[in-house]
Amino acid sequence: MYAIGEKIIYGEQGACEVSEVGHVAMQGIAKDRLFYTLRPLSGGGTIYAPVDSPVYMSPVMAQAEAEAFLAAIPAIEATYCREVKVTKADAYYKSIFSSHSREALVGMLKGLMGCCTDRRHTLNLRLERISKRARDLLESELSAALGISTAEAQKLLTEALTK
């Protein structure tokens, strides 16, 4: 169980801070069920997540781990989606997000960046959204781990991706 004040990754929401742990008074919710009250660190709002939720939850990486991850990014190989059919390509990208692997997200981003460079074109709207979603997740966690703004995390990630 996570403690109040702890920073965690919640699903594809990105980094959140646990602001409360307890029961939630909502109609239709069992009164004895425990929830995390989460505050997303990027954006706003509040998330009420059952403690026993099947949604992926993990502690944000430590500062040293974040620094090592940034240093390792240049060595991560680009991965490419070779699927022509949109439904198969979407399943491929979904599997990367479902893996919750930072390295897989970086490989995918490098592959998408390489597509643009190799073919001298820009990403279509669908791939642009996928790229943004991956960047947002990585930047959110780096920002939380390093105690910096999302803009600073964005700059560090972009520098590491282009080395």
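Residues numbered from 1 in each chain as written. Predicted model: local features only at pLDDT ≥ 70, side-chain atom pairs only at ≥ 80, totals over all residues. Heavy atoms only, no water.

J.: Give me the lowdown on the nonpolar core, citing residues and values where you can.
T.: In this structure, Phe 69, Ile 73, Tyr 93, Leu 105, Met 108 and Leu 142 are the most contacted members of the largest nonpolar core, which totals 32 residues. Where this core is concerned, the elements lending two or more residues are α1 (63-72), α2 (86-99), α3 (102-119), α4 (125-146) and α5 (150-161). Residue contributions to this core peak at 9 residues, all from α4. For Leu 142, the residues in contact, after removing those within four places along its chain, are Met 61, Ala 66, Phe 69, Leu 70, Gly 147, Ile 148, Ala 153 and Leu 157. (Core = buried A, V, L, I, M, F, W, Y, C linked by side-chain atoms within 4.5 Å. Buried < 20%, exposed > 50% of the residue type's maximum accessible area, 1.4 Å probe, protein only. Helix = DSSP H or I, 4+ residues; strand = E, 2+ residues; numbered from the N terminus. Contact = heavy atoms within 4.5 Å.)

J.: How would you sum up the sheet that holds strand β3 (residues 34-40)? Please name residues and give values.
T.: Spatially, β4-β3-β2-β1-β5 is the arrangement adopted by the 5 strands of the open sheet, whose pairing is antiparallel. Each edge of the sheet is formed by a strand with only one pairing partner; in this case those strands are β4 (47-50) and β5 (57-59). Here the average twist between neighbouring strands, direction ignored, is 45 degrees. In terms of strand pairing, strand β1 (residues 7-10) meets strand β2 (residues 14-23) through 4 bridges, oriented antiparallel. Within β2, the residue paired with Ile 8 across the bridge is Cys 16. (Pairing = 2+ DSSP bridges. Axes fitted to C-alpha atoms, helices over the stretch in contact; angles between N-to-C directions.)

J.: Give a detailed account of the side chain of Glu 139, specifying residues and quantitative values.
T.: Along the chain, Glu 139 turns up in helix α4. Taking relative accessible area as the criterion, Glu 139 reaches 5% and is therefore assigned buried. Beyond its immediate stretch of four places on either side in the chain, Glu 139 contacts Thr 150, Ala 153, Gln 154 and Leu 157.

J.: For the side chain of Ser 140, give the residues involved together with the corresponding values.
T.: Mapped onto the fold, Ser 140 is located in helix α4. A polar side-chain atom of Ser 140 sits 2.7 Å from the main-chain amide nitrogen of Ala 15. When residues no more than four places from it in sequence are discounted, the contact partners of Ser 140 are Gly 14, Ala 15 and Ser 42. (Polar contact = N/O pair within 3.5 Å; in protein donor to acceptor, adjacent residues only side chain to side chain.)

J.: How would you summarise the packing of α2 against α4 if you had to cite specific residues and measurements?
T.: Look at α2 against α4: their axes get within 12 Å of each other, and the N-to-C directions meet at 5 degrees. The pairing of α2 with α4 is recorded here as roughly parallel in orientation. Contacts between α2 and α4 involve Val 86, Ala 89, Asp 90, Tyr 93 and Phe 97 on the former and, on the latter, Arg 126, Leu 127, Ile 130, Arg 133, Ala 134 and Leu 137. For the contact of α2 with α4, a count of residues per class yields 8 nonpolar, no polar and 3 charged. (Parallel < 35°, antiparallel > 145°, perpendicular 65-115°, else oblique. Nonpolar A, V, L, I, M, F, W, Y, C, P; charged D, E, K, R; others polar.)

In short, geometric facts, not functional conclusions.
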